[in-house]
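# Examining the three-dimensional arrangement
Read off the chains here:
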Amino acid sequence: MIHAFRKNGINLVVDVNSGAVHVVDDLVYKIITFNDCKTSFQVDGEHRQHLEEIYGSTAVKEALNEIHQLISGKLLYSEIDPLDEKRAYQPAVVKAICLHVAHDCNLSCAYCFASEGTFKGERSMMNVETGRAAIDFLIRNSGKRVHLEVDFFGGEPLLNMPLVKDVVAYARSCEKDAGKEFRFTLTTNGLALSEENMRWINKHMSNVVLSLDGRPETNDHMRKCRNGEGSYEKILPNIKRMASLRKDKPHFVRGTFTRENLDFADDVAHLVAQGFREISVEPVVAPPESPLSLREIDCDAIAKEYDRLAAFYLECTDNNQPFRFFHFNIDLKQGPCMKKRASGCGAGTEYVAITPEGDLYPCHQFVGNTSFCIGHVNTGLSAPETVALFEKATVFDKTACQECWAKYYCSGGCHANAWHTNGAVSQPYDIGCRIERSRIETALMLLARESEEINHD
């Protein structure tokens, strides 16, 4: 299977199964896209004659030879490796946990899927016993895997900072005997980032996610303090300080766009103007009935907005003021293994969320839906039938993914979005799929342009 498209004056051809991406000239592009043939190569005599009249017989012959060489090299129209599907179902071990240290929040965001951090339950804080038991659970269930990840999450995790510090210290104390190494991430809205907290976080966290939606009017419309006031002016200085402490250490500023700010490229531009260089602005996660949720009618506008964002991205790069946009980052040289490409985040199999009470869920977006509770930190995983739903939620199992060229980039999409919109983790969220394909095309165009500049230099 192939996918051919033209963007920003660049012709690209993606070979889906091999992962190869080719930048081609107009002639090769016209040959490949003849009759929109996606699964096998063919060009009839009449079409060839027409091309020879335009480009000359020698050029057409060379182009056809180039295409056939790529096909014989399994870099174009390649077949799926029979072993790949087996690799997608290799036994999984839990390697990461999302630790909900606080089911409470000091903000009241309009689009919050977590109901102001309570996840439709009671406000609560994780205690030391549960936090340490979560680390023990991760060690017990991680098999031979050495590198483990813990994401401190909420609500707002800074509301339970003593617990965060205790869990980090406890995990470090277990590393040597357990033969493990922990990597910690903290996601915060920044409101409670004191200087003391920032310095501790900078020392102990491998990555920090800082929430801000962009322009003041965008942010304050969605992200309000509990008293109804906007949060921008209160949060911005803290996030700037945190980012300055991180310097080159992993961190990024993460925002959300809804159908009320489909001009989100302007929000990215605002974040860049504030000095941030690691940025992500992502589509809202909201119930279909929410006035903030994205609609099918919005998809074309969103695709154009990614093009506008790409133009700004290139402008900044050309002016020696580059920034990184999370969803434009694609590694074509050392991408993930087939299991990761086929099943994505590993929710419910390699990754679980843990509530303040110690209950286990496939991911943070399922927390609160008790039908998806899959166990407890003290007793382990205890819902094999639910876990099996996620084990089988690969691109090989999802009908909608079979003919999609982007399946190995998005890995079948978000399981939670699929469930919330379609009632099945095996039926992808169609609007999310369309947005993802637009993003990937834009990202590949940017990579192609970068590659051409490198080769030219």
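Structure report, in brief. (Residues numbered from 1 in each chain as written. Predicted model: local features only at pLDDT ≥ 70, side-chain atom pairs only at ≥ 80, totals over all residues. Heavy atoms only, no water.)

### Observations concerning the overall build of the chain
Selection rule: By the criteria applied, helices consist of DSSP H or I runs no shorter than four residues and strands consist of E runs no shorter than two, each listed in order from the N terminus. In this setup the radius of gyration rests on C-alpha atoms only. A globule is expected at 2.2 Å times the number of residues raised to 0.38. Relative accessible area decides the class of each residue, using a 1.4 Å probe on protein chains only: under 20% of the type maximum gives buried, over 50% gives exposed, and in between gives partly exposed. Here, residues are in contact when the closest pair of their heavy atoms is within 4.5 Å.
The helix and strand tally for the chain stands at 16 helices and 18 strands. Scaling as 2.2 N^0.38, a compact globule of 457 residues should have a C-alpha radius of gyration of about 23 Å, and the chain matches this with 24 Å. Every one of the 457 residues in the chain was classed for burial, and the buried ones make up 52%. Of all intrachain contacts in the chain linking residues separated by at least 6 positions in sequence, the fraction that spans at least 24 positions is 70%.

### Comments concerning the packing of aromatic side chains
Definition in use: Ring geometry is summarised as follows: Phe, Tyr and Trp rings, the Trp one being its six-membered ring, pair when their centres sit within 6.5 Å, and such pairs are stacked at plane angles under 30 degrees, edge-to-face over 60 and tilted between the two.
For the structure shown, the criterion picks out 18 aromatic pairs. Summarising the aromatic geometry, the rings of Phe 252 and Phe 326 are spaced 5.4 Å apart at their centres and angled 25 degrees between planes, so their arrangement reads as stacked. Highlighted residues: Phe 252 in strand β12 (residues 251–257) and Phe 326 in the loop between β14 (324–325) and α12 (338–343), separated in sequence by 74 residues. The exposure class assigned to Phe 252 is buried, which follows from its relative accessible area of 15%. Here Phe 396 and Tyr 408 contribute two aromatic rings whose centre-to-centre distance is 6.5 Å and whose plane-to-plane angle is 55 degrees, an arrangement assigned as tilted. A residue pair is termed long-range when its members are at least 10 positions apart, and Phe 396 in the loop between α13 (384–391) and α14 (407–410) and Tyr 408 in helix α14 qualify at twelve residues. As far as burial versus exposure is concerned, Phe 396 and Tyr 408 are alike and both buried. Taken together through their ring pairs, the aromatic side chains of Phe 257, Phe 264, Tyr 306, Phe 312, Tyr 313, Phe 323, Phe 325 and Phe 328 make up a single cluster.

### Focus on the pattern of salt bridges
Note the threshold: Only one rule defines a salt bridge in this text: a Lys or Arg side-chain nitrogen within 4 Å of an Asp or Glu carboxyl oxygen.
A full pass over the atoms with the stated rule returns 24 salt bridges. Of the charged contacts, one joins Arg 123 and Asp 104 as a salt bridge, the two residues approaching to 2.7 Å between their closest N and O atoms. Linking Arg 123 in the loop between β6 (107–109) and β7 (124–125) with Asp 104 in the loop between β5 (102–103) and β6, this pair joins segments that are 19 residues apart in sequence. Judged by relative accessible area, Arg 123 falls into the partly exposed class, the value being 38%. Residue Arg 132 pairs with Asp 166 through a salt bridge whose shortest N-O separation is 2.9 Å. Of the two residues, Arg 132 is situated in helix α5 (residues 128–140) and Asp 166 in helix α6 (residues 161–178); the sequence distance between them amounts to 34 residues. Here Arg 132 falls in the partly exposed class, since its relative accessible area comes to 33%.

### Considerations on the environment of Asp 220
The following threshold applies: Here a polar contact means two N or O atoms within 3.5 Å. Within protein one must be a hydrogen donor candidate and the other an acceptor candidate, and residues neighboring in sequence count only if both atoms are side-chain atoms.
Note that Asp 220 resides in helix α8 (residues 216–222). Sequence separation of Asp 220 and Phe 325 is 105 residues, and the distance between their C-alpha atoms is 22 Å. For Asp 220, the side chain forms a polar contact with the side chain of Asn 219, separated by 3.2 Å.

### Comments concerning the nonpolar core
Counted only if it meets this: Definition of nonpolar core: a set of buried residues of the types Ala, Val, Leu, Ile, Met, Phe, Trp, Tyr and Cys, connected through side-chain atoms within 4.5 Å.
Leu 99, Phe 152, Ile 201 and Ile 354 are the most contacted members of the largest nonpolar core, which totals 107 residues. At nine residues, the largest contribution of residues to this core is made by helix α11 (residues 299–318). If we skip the residues at most four places from it in the chain, Ile 201 touches Leu 158, Met 161, Leu 186, Leu 193, Val 208, Met 242 and Arg 246.

### Structural notes on the sheet that holds strand β2 (residues 10–15)
For clarity, the cut-off: Between any two strands, at least two bridges found by DSSP are needed for them to pair. Structural elements are reduced to axes, namely lines fitted to C-alpha atoms, with helices fitted over the stretch in contact, and the angle between N-to-C directions of any two is expressed from 0 to 180 degrees.
One open sheet accounts for three strands, arranged β1-β2-β3; its pairing is antiparallel. What marks the edges here is a single partner per strand, and that holds for β1 (2–7) and β3 (21–24). Neighbour-to-neighbour, the strand axes of the sheet open up by a mean angle of 25 degrees, direction not taken into account. Summarising the sheet, β1 and β2 pair through six bridges and their orientation is antiparallel. What sits directly across from Ala 4, in β2, is Val 13.

### Here's the deal with the packing of α5 against α6
Quick reminder of the rule: For a crossing to be left-handed, the near helix must be turned anticlockwise from the far one by less than a right angle; the clockwise case is right-handed.
Closest axis-to-axis distance for the α5/α6 pair is 9 Å, and the angle between their directions is 35 degrees. Classified by chirality, the crossing of α6 by α5 is right-handed. Contacts from Val 128, Gly 131, Arg 132, Ile 135, Asp 136 and Ile 139 in α5 reach Leu 163, Asp 166, Val 167, Tyr 170, Ala 171, Cys 174 and Ala 178 in α6.

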